[in-house]
Amino acid sequence: MFVSFFPRPKLFFISAALWAALVTLLWYFGGQGLGAMFGMPPAPFDAPPIVGISVFWSGPFLWFYLYFAVSVALFYAFWSVFSPHRWQRWSILGSALILFITYFQVQVSVAINNWYGPFYDLIQNIISGKVKAEASAIYWEIGTFMGIAGVAVVISALTVFLVSHYVFRWRTAMNDFYVHNWQKLRHIEGAAQRVQEDSMRFSTIVEGLGGNLIDSIMTLIAFTPLLIRLSEHITELPIVGSVPDPLVLAAIAWSVFGTVLLAVVGVKLPGLQFRNQRVEAAYRKELVYGEDHVDRAQPMTLTQLFSNVRRNYFRMYFHYVYFNVFRYLYLQANNVFSIILIAPSLVAGTITLGLMTQISNAFTQVTSSFQYLVNSWPTIIELLSIYKRLRTFEAALEGEPLPGIDQRYVEGRVAATDHY
């Protein structure tokens, strides 16, 4: 799954994590200020944010682009010498490019959030009669938003294009690896499906989950300082009262609660998904054998195999009922949770409409990042089941004993009494 695409996967991922942590620390403890040597100084912490599309080619942004490129080039050069790999351009440079695009998309979200404040304050002042303004003033602000949104649209389209190619390259690497070892793998139950379908689904899901995880981390890095700054306008929280950085603490507590809740109620789902793939594969394989052999796919055998499919699906349906009830209740409550938090400050008149919009959006961004497992849990369940199938598949290459359920399929037959 990984060795076909990444050079020495375990060491590679450890080194990538350590290198990322190192360059991140260097950035926040001195590297950010080095841009001043090249005419690209960082913006003062208390400086008002740049509102509009020009923020993306401002000095601090240009310096970060250069810093990121140099960091990636050094990491790529090391692995090119230390352990050259056929797919290193896609696995290293492709991953780095996806990482950068994810960062850029987060910055687009930050730019939009910075636009919310002055725009909605302008709307509030016009409605309350505090200022007199022409319609052109509103149109100008909307034009600013459309400039930022235009960048977002272009980047999103390019991201889809790049990720599609990235995933297919990963699938190609896995396919080549399995085909090269086909004689050792062909006797495993569902070998054809694992090479053709499971490899495709695995690479797609891993890329999606990995991209979402990176996006969540970068969103936290970008929006948490903003949420801390906005917390200055919140006088107290309901029930809790006055606490330091109330919005950040509330976001963490609410997200941890949701993650633990869904992990507990969904604990049975990965095993059921895995078994579902198993019984479907057994039924499909018997039908395929029946196309070429008259003694296969007999009615009694097919009836028994399909009863296994039916039994597992019905168990899944039951467990997904209560899981989805808790999941949807939590997500619906999440839509109004930030309003509940700022209600005392609204009543006290300490925040404006623009601030309320900024706080709600920033809070949603931070909680969504903390809720990575909540939002990704169904996909993680599917990935775990696919991983189990592919890991069993690869056990044959490493000379490891197959699980009992796979050993029963080595001859291509299923025990009629196997109810899983």
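Residues numbered from 1 in each chain as written. Predicted model: local features only at pLDDT ≥ 70, side-chain atom pairs only at ≥ 80, totals over all residues. Heavy atoms only, no water.

Looking at the nonpolar core
Phase 1: Within the largest apolar cluster, 52 residues are counted, with the highest numbers of intra-cluster contacts made by Phe5, Phe56, Val108, Trp170 and Phe202.
Phase 2: When residues of this core are traced back to their parent elements, those giving at least two are helix 1 (9–28), helix 2 (59–82), helix 3 (88–128), helix 4 (135–180), helix 6 (191–230) and helix 11 (372–395).
Phase 3: Looking at this core element by element, the count peaks at 14 residues for helix 3.
Phase 4: Counting residues in hydrophobic clusters, the runner-up holds 22 residues, among them Phe223, Ile342, Ile351 and Leu355. (Core = buried A, V, L, I, M, F, W, Y, C linked by side-chain atoms within 4.5 Å. Buried < 20%, exposed > 50% of the residue type's maximum accessible area, 1.4 Å probe, protein only. Helix = DSSP H or I, 4+ residues; strand = E, 2+ residues; numbered from the N terminus.)

Points about a positive patch on the surface
Phase 1: Residues Lys268, Arg275, Arg310, Arg311, Arg315 and Lys388 make up a contiguous surface patch of positive charge.
Phase 2: Sort the elements by how many residues they give to the positive patch and helix 9 (residues 299–348) lands first, with 3 residues.
Phase 3: Tracing the backbone through its elements, the reader meets Arg275 in helix 8 (residues 269–292).
Phase 4: Here Arg275 falls in the partly exposed class, since its relative accessible area comes to 36%. (Patch = residues over 30% accessible without salt bridge, like charges linked within 9 Å, V, L, I, M, F, W, Y side chains within 5 Å. Areas by Shrake-Rupley, 256 points an atom, 1.4 Å probe, with all protein chains shown as cover. Salt bridge = Lys/Arg side-chain N within 4 Å of Asp/Glu carboxyl O. Lys, Arg positive; Asp, Glu negative; His and termini not counted. Charge placed at Lys NZ, Arg CZ, Asp CG, Glu CD.)

Regarding the UniProt feature "transmembrane region" (unreviewed entry) in the chain
Phase 1: Here, UniProt's "transmembrane region" (unreviewed entry) annotation points to residues 12–30, 50–78, 90–112, 145–168, 209–228, 248–269 and 336–356.
Phase 2: Between the first and last C-alpha atoms of residues 50–78 the distance is 37 Å; the span itself is 69% helix and 0% strand.
Phase 3: A distance of 13 Å separates the end C-alpha atoms of residues 336–356, which is 81% helix and 0% strand. (UniProt positions renumbered as here; feature names shortened; annotations may be inferred.)

As for the packing of aromatic side chains
Phase 1: Under the criterion given, the structure shown has 37 aromatic pairs.
Phase 2: Here Phe5 and Trp170 contribute two aromatic rings whose centre-to-centre distance is 5.5 Å and whose plane-to-plane angle is 10 degrees, an arrangement assigned as stacked. Of the two residues, Phe5 sits in the segment before helix 1 while Trp170 sits in helix 4, which places them 165 residues apart along the sequence.
Phase 3: Judged by relative accessible area, which is 2%, Trp170 ranks as buried.
Phase 4: For the ring pair Phe6 and Phe13, a centre distance of 4.9 Å and an interplane angle of 55 degrees mean the geometry is tilted. (Phe/Tyr/Trp six-rings, centres within 6.5 Å; stacked < 30°, edge-to-face > 60°.)

Let's talk about the packing of helix 2 against helix 3
Phase 1: As a packed pair, helix 2 and helix 3 sit with axes 10 Å apart at the nearest point and diverge in direction by 160 degrees. Taken together, the axes of helix 2 and helix 3 are roughly antiparallel relative to one another. Every pair of crossing elements has a handedness; the one defined by helix 2 and helix 3 is right-handed. In this structure, helix 2 contributes Phe61, Phe64, Tyr65, Phe68, Val72, Phe75, Tyr76, Trp79 and Ser80 to the contact, and helix 3 contributes Gln88, Arg89, Ile92, Leu93, Ala96, Leu99, Phe100, Tyr103, Phe104 and Gln107.
Phase 2: Looking at side-chain class alone, the contact of helix 2 with helix 3 contains 15 nonpolar, 3 polar and 1 charged residues. (Axes fitted to C-alpha atoms, helices over the stretch in contact; angles between N-to-C directions. Parallel < 35°, antiparallel > 145°, perpendicular 65-115°, else oblique. Left-handed = near helix turned anticlockwise from the far one by under 90°. Contact = heavy atoms within 4.5 Å. Nonpolar A, V, L, I, M, F, W, Y, C, P; charged D, E, K, R; others polar.)

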